[in-house]
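Structural description and commentary
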Amino acid sequence: MSSTHDRTTRYQKGSLTLPGTVMLGTGVMIGAGIFALTGQMAQMTGVLFPLAFLAAAVIVSFSAYSYIKISNAYPSAGGIGMYLHKAYGNRLPTAFNALLMYFSMVIAQSFLARTFGSYTMQLFDGDESGRMVPILGVSLILAAFLINLLGNRMIQGVASFIGILKIGGILVFGLVGIWIADSVSVDFSSPGEAGTFGNFLGATALGILAFKGFTTITNSGSEVIDPKRNVGRAIIISIAACVVIYTLVGFAVASNLSLAEIIKTQDYSLAAAARPALGDYGVWFTVAIAMMATAGGILASVFAVSRMLAMLTEMKLVPHRHFGMPGSIQKHTLVYTVVLGLILTAFFDLSRIAALGIVFYLIMDIAIHWGVLRYLRKDIKANTWVPATAILLDLLALGGFVWVKLNTDPFVISVAVVTMIVIAVSEQIFLKRSPESAQAKQEESHAHHH
C-alpha cells in the first residue's frame, strides 16, 4: 500500500492570485473572530474590548514579520511545518509545534462550526435544547469536506465569492450600526472589575485568534503567483483589512448593546446588536453574513489544515495510517482533519474551544520566533529586535490569558496541558523509532556544530 505514489501530496504552483490569497486569509480571519469572540472578549475585559482587538493587531503585526521573512526566503505549500523544519530540523520541536498549530487550526474549525450553529439558531429564537448548535456545526464541516474533495480552483472560487459578500456585509453592519446608534461612544472611564490589566491581556490573547488566519496564507506559499512578493503583501493587506473591520464592528456592537447584553448574548452578539437598531430584518441580515462567514472560513481552513498535515506526513514527522482508504495522502489527512473537527464540535462549547486554540497557537508562535532568533536570523536577513519583541508580547498575552482561565475555568487549561504532554511524548516515541529522523539527527548535529 505504501508505494511512493501514495506518500505524495499534489500542489499546483501559481494557482493562487494575490486577491485570491488575500480572500483566503481574510476568509479564515473574519470567520469566527468577529462573530463569536466579541462577546467573550467583552466578558473578560469589559468595555475595553474594542481596544483589546487593536492590541491583538499590534501583537500579530510583530508576529507577521517572522512569517513574511521566512516565506520570502523559502516559499512552500505547508508553510508552518516547513518553517519549523528549517529552524529545528527533523527533531521533536518541529513535530510538536507543527502539531500544536495543526490542532489549533482544527480547533478553529470547530469554533467556526459552532458559531455557525449559534447564529443560525437565532432565526428560530435560539437553541433551547442545546442540541441543534452542534448538529448544525457538524453538518457544515461535512459539507466543507465534500467541497474540498472537488479541488483547488473550486475552493478559491467559492472562498472568494463568499469573502466578497461577507466583507461587504460586515462593513454594512458596522456602518449602519454606528449610524443608527444614539451615540458612538464607548465609556472607557469605568472599566469596573473586568478592567484589570491581566483581564485585558487575556482578552487580547482571544483577539489574536481573530487575526491568526494570516498563517493560512503562508500555508499556501508556493501556490501563490510570484510568492516572494505576494505572500508578504497578502499578509499585510489581510491584517490591515481586519483591523478596520473589527474596529468598526466593535464600536457598532458597543454602541447598540450594554455590556451586560453583550456578555449575555456572547455566542451571537452581532445578531443581538442588530435587533435594537434594525429589528428582525437586521437580525436576518446579520445571521446570513455570519452563516456565510463561518462557512467560508471552514472551507478555507479545512483546505489549509489538511494540506499542512499532509506535509508533515511527507516529512515523516507524524505517523500515517491509510485505514484502507484509496487516494493521495492529502485526501487521507483531509478525512482525519474532518473527523477531529466533528468530535470537538459535538462535545466542547465555544469559550473552551477558543481557549484551547489560543494556548496552542501562542506556544507555536513563540517557537517560530525563537527558531528565527536562534537558527535562521542570518539566512533570512531578519532584525533581532522584531522577533524578540514578538516573543515578549506573546508571553504577556499567554500569561494574562492562562491567569484569567485558571481563575474561571481551570479545567480547560488542564486539558491543554495534558494534550501537549501527550503530543510531546507520543512524538518523541515515534521519532525515536523512525529511521529517517535518526539519520537526520546525525546530520543535524553535524550541521549545528560547524
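Note that the structure is a prediction, hence the values are computed from the model and not measured.

**Let's talk about the side chain of Ser-118**
Structurally, Ser-118 is set in helix H4 (residues 92–120). For Ser-118, a relative accessible area of 7% gives the class buried. Setting aside its immediate chain neighbours within four residues, Ser-118 contacts Val-133, Asp-267, Tyr-268 and Leu-350.

**Things to note about the environment of Ile-70**
With respect to the secondary-structure elements, Ile-70 resides in helix H2 (residues 49–73). Using a relative accessible area of 1% as the deciding quantity, one classes Ile-70 as buried. C-alpha of Ile-70 to C-alpha of Met-82: the two residues are twelve residues apart in sequence and 9.7 Å apart in space. Ignoring anything within four residues of it in the chain, the contact list for Ile-70 reads Tyr-83, Ile-368, Val-372, Leu-376 and Ile-380.

**Examining helix H7 (residues 197–209)**
Under the 1.5 Å per step criterion, the end-to-end length of H7 is 19 Å for 13 residues, consistent within 8% with the ideal 18 Å. H7 sits mainly inside the fold: twelve of its 13 residues count as buried. All of the buried residues in H7 are Gly-198, Asn-199, Phe-200, Leu-201, Gly-202, Ala-203, Thr-204, Ala-205, Leu-206, Gly-207, Ile-208 and Leu-209.

**Comments concerning the packing of H2 against helix H13 (residues 350–380)**
Interaxial distance between H2 and H13 falls to 10 Å at its minimum, and their mutual angle equals 50°. In terms of their interaxial angle, H2 and H13 are classed as oblique. Here H2 runs over H13; the crossing is left-handed. Of the residues in H13, those touching H2 at Ser-63, Ser-66, Tyr-67, Lys-69, Ile-70 and Ala-73 are Tyr-361, Met-364, Asp-365, Ile-368, His-369, Val-372, Leu-376 and Ile-380. Residue composition of the contact of H2 with H13, by class: nine nonpolar, three polar and two charged.

**Some points on the packing of aromatic side chains**
Geometrically, a pair of aromatic rings is defined through the distance of the ring centres and the angle of the planes. A full pass over the atoms with the stated rule returns eight aromatic pairs. Geometrically, the ring pair formed by Phe-53 and Tyr-246 is tilted, given 5.1 Å between the ring centres and 35° between the ring planes. Taken together, the residues span a long stretch of sequence, with Phe-53 in helix H2 and Tyr-246 in helix H9 (residues 227–256) at a distance of 193 residues. Of the two residues, Phe-53 and Tyr-246, both sit in the buried class. With a centroid separation of 5.2 Å and 85° between ring planes, the pair formed by Tyr-67 and Phe-214 is classed as edge-to-face. Remark: Phe-214 occurs in helix H8 (residues 214–219) and Tyr-67 occurs in helix H2; sequence separation between them is 147 residues. Note on accessibility: Tyr-67 and Phe-214 belong to one class, buried. An aromatic cluster is present here, built from Phe-53, Phe-211 and Tyr-246 joined pairwise through their rings.

**With respect to the pattern of salt bridges**
If charged atoms from side chains of opposite charge come close, those side chains can pair. Across all of its chains, the model carries three salt bridges by this definition. Between Asp-226 and Arg-229 there is a salt bridge; the shortest N-O distance is 3.4 Å. When its relative accessible area of 36% is taken as the criterion, Asp-226 is described as partly exposed. Across the salt bridge formed by Asp-280 and Arg-275, the nearest N and O atoms sit 3.9 Å from each other. Taking relative accessible area as the criterion, Asp-280 reaches 43% and is therefore assigned partly exposed. Given a relative accessible area of 38%, Arg-275 falls into the partly exposed group.

**What to know about the confidence of the model for the protein**
Do not read the fine detail of predicted coordinates wherever pLDDT is low. Mean pLDDT over the protein stands at 80; residues scoring 70 or higher make up 84%. Per-residue pLDDT, averaged within each element of the protein, yields its smallest value for helix H16 (residues 435–449) (52) and its largest for helix H14 (residues 385–408) (94). Segment residues 1–9: pLDDT under 50, and 19 contacts once partners within four positions in sequence are set aside and those in other chains are kept.

**Quick look at a nonpolar patch on the surface**
Nonpolar side chains collect at one region of the surface, where Leu-123, Phe-124, Tyr-281 and Trp-284 lie side by side and expose about 510 Å² of accessible area between them. Take Leu-123: it is sitting in the loop between H4 and helix H5 (132–149).

**So, unusual backbone geometry**
Excluding glycine, residues mostly have negative phi values, and the peptide bonds linking residues are mostly trans. The backbone of Lys-381 sits at a positive phi, close to 55°, despite the residue not being glycine. By the secondary structure assignment, Lys-381 is in the loop between H13 and H14. Judged by its relative accessible area of 65%, Lys-381 is exposed.

**A short note on the side chain of Thr-94**
Among the secondary structure elements, Thr-94 is positioned in helix H4. Beyond its immediate stretch of four places on either side in the chain, Thr-94 contacts Gly-81, Leu-84, His-85, Tyr-88, Gly-89 and Leu-317.

What counts as what
- Each chain has its residues counted from 1, following the order in which its sequence is written.
- With pLDDT at 70 or above as the cut-off, local features in this predicted model cover only qualifying residues; side-chain atom pairs require 80 or more to be listed or tallied, and sums for whole chains, interfaces and linings still use all residues.
- Excluded from the side-chain calculation are hydrogens and water; included are all heavy atoms of the structure.
- The helix count covers DSSP runs of H or I at least four residues long, the strand count covers runs of E at least two residues long, and both are numbered beginning at the N terminus.
- Working definition: with a 1.4 Å probe on protein chains only, accessible area under 20% of the residue-type maximum means buried, over 50% means exposed, and in between means partly exposed.
- The contact definition used throughout considers only heavy atoms, calling two residues in contact when any of these lie within 4.5 Å.
- In this analysis, the expected span of each helix is defined as 1.5 Å times one less than the number of residues it contains.
- Fitted lines through C-alpha atoms serve as axes, helices being fitted only where they are in contact, and the angles separating the N-to-C directions of these axes extend from 0 to 180 degrees.
- If an angle is under 35 degrees, it is roughly parallel; if it is over 145, roughly antiparallel; if it lies from 65 to 115, roughly perpendicular; otherwise it is oblique.
- Crossings are classed by handedness, with left-handed meaning an anticlockwise turn of the near helix from the far one by less than a right angle and right-handed meaning a clockwise turn.
- Note that Gly is not counted as nonpolar here; it falls among the polar residues with everything else outside the nonpolar set of Ala, Val, Leu, Ile, Met, Phe, Trp, Tyr, Cys and Pro and the charged set of Asp, Glu, Lys and Arg.
- Note on ring pairs: Phe, Tyr and Trp rings are taken, using the six-membered ring of Trp, and paired if centres are within 6.5 Å. Classes follow the plane angle, with under 30 degrees stacked, over 60 edge-to-face and the rest tilted.
- Every case where a carboxyl oxygen of Asp or Glu lies within 4 Å of a side-chain nitrogen of Lys or Arg is listed as a salt bridge.
- The score called pLDDT rates the predictor's confidence residue by residue, from a low of 0 to a high of 100.
- Grouping into patches uses exposed residues only, defined as over 30% relative accessible area, and leaves out salt-bridged ones; the cut-off is 9 Å for like charges and 5 Å for nonpolar side chains (Val, Leu, Ile, Met, Phe, Trp, Tyr).
- Only the protein chains shown count as covering a residue, and every accessible area follows the Shrake-Rupley method with a 1.4 Å probe.

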